[in-house]
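As a plain string of letters, each chain reads:
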Amino acid sequence: MPERETPVGALDDVDAVTRAVLTASRLLVAVSARSLAAVEDRATVAQFRMLVVLSTRGTTKLVELAELLQVAPSTAMRMVDRLIAAGLADRRANPANRRETLLTLTEEGRRVVEDVTAKRRAEIADIVERLRPTERLALIGALGAFNRAGGEPQAPSEGAPDPHPLGWITDGAVAPGI
């Protein structure tokens, strides 16, 4: 495929787009951190990721959860122990195979995921409301294209059933992030 030259200042300046996305990612990380602040005494960012995966998948084997989070099973077990101690998750032996551990969210764990997600959605909505309608429309198109290029499914509308509450892909790969 022939190389394309990108004139300085052109619309497809990869460096300019990359810088804009990096800046936006800093903003989104800050929003994420603020949304997690209320639960930071009960769950770390990594443990919250685990809660999100459990909320989207339901009861999950420990080994599968470790794979989804891309951590060692022993690390996943330590994370689970802390979540159980905090009252956010529960574990039981798999009745079909007593050597396997099944993990699930408690009602409190589900509420934590819902509350953090609601705070994040509200803060993002506040930011989006400051944009002009034409900027909002442009942002929808740009972020839609960016998400498709990265393989990330679209977040559901407010009030819709939420299979990916924070946007993480949970069908075999977890997108990095908070």
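Quick look at the structure, then. For clarity, every value in this text was computed on a predicted model and none was experimentally measured.

1. Considering the environment of Ala38
Point 1. Within the secondary structure, Ala38 sits in the loop between helix H1 (14–36) and helix H2 (45–57).
Point 2. On the basis of relative accessible area, Ala38 is assigned to the partly exposed category, the value being 49%.
Point 3. Ala38 sits 81 residues away from Lys119 along the chain, and the two C-alpha atoms are 9.9 Å apart.

2. Focus: the pairing of strand E3 (residues 97–105)
Point 1. Here 2 bridges tie strand E1 (residues 60–61) to E3, and the two strands are oriented antiparallel to one another. Across the sheet, residue Lys61 finds its bridge partner in E3, namely Leu102.
Point 2. One ladder, built from 6 bridges, connects strand E2 (residues 89–94) with E3; its direction is antiparallel. By the bridge assignment for E3, Asn94 is matched with Asn97.
Point 3. Taking the residues that link successive antiparallel strands as the turn, the E2-E3 hairpin has 2 residues.

3. Remarks on the packing of H1 against helix H5 (residues 107–129)
Point 1. The N-to-C vectors of H1 and H5 enclose an angle of 140°; their axes lie 8 Å apart at closest approach. Judged by the angle between their axes, H1 and H5 are oblique. Here H1 runs over H5; the crossing is right-handed. Contacts between H1 and H5 involve Leu27, Leu28, Val31, Ser32, Arg34, Ser35 and Leu36 on the former and, on the latter, Val116, Lys119, Arg120, Glu123, Ile124 and Ile127.
Point 2. Taken together, the residues that form the contact of H1 with H5 break down as 7 nonpolar, 2 polar and 4 charged.

Procedures and definitions
Residues numbered from 1 in each chain as written. Predicted model: local features only at pLDDT ≥ 70, side-chain atom pairs only at ≥ 80, totals over all residues. Heavy atoms only, no water. Helix = DSSP H or I, 4+ residues; strand = E, 2+ residues; numbered from the N terminus. Buried < 20%, exposed > 50% of the residue type's maximum accessible area, 1.4 Å probe, protein only. Pairing = 2+ DSSP bridges. Axes fitted to C-alpha atoms, helices over the stretch in contact; angles between N-to-C directions. Parallel < 35°, antiparallel > 145°, perpendicular 65-115°, else oblique. Left-handed = near helix turned anticlockwise from the far one by under 90°. Contact = heavy atoms within 4.5 Å. Nonpolar A, V, L, I, M, F, W, Y, C, P; charged D, E, K, R; others polar.

It is worth stressing that arrangement in space is one thing and function is another; only the former is reported here.
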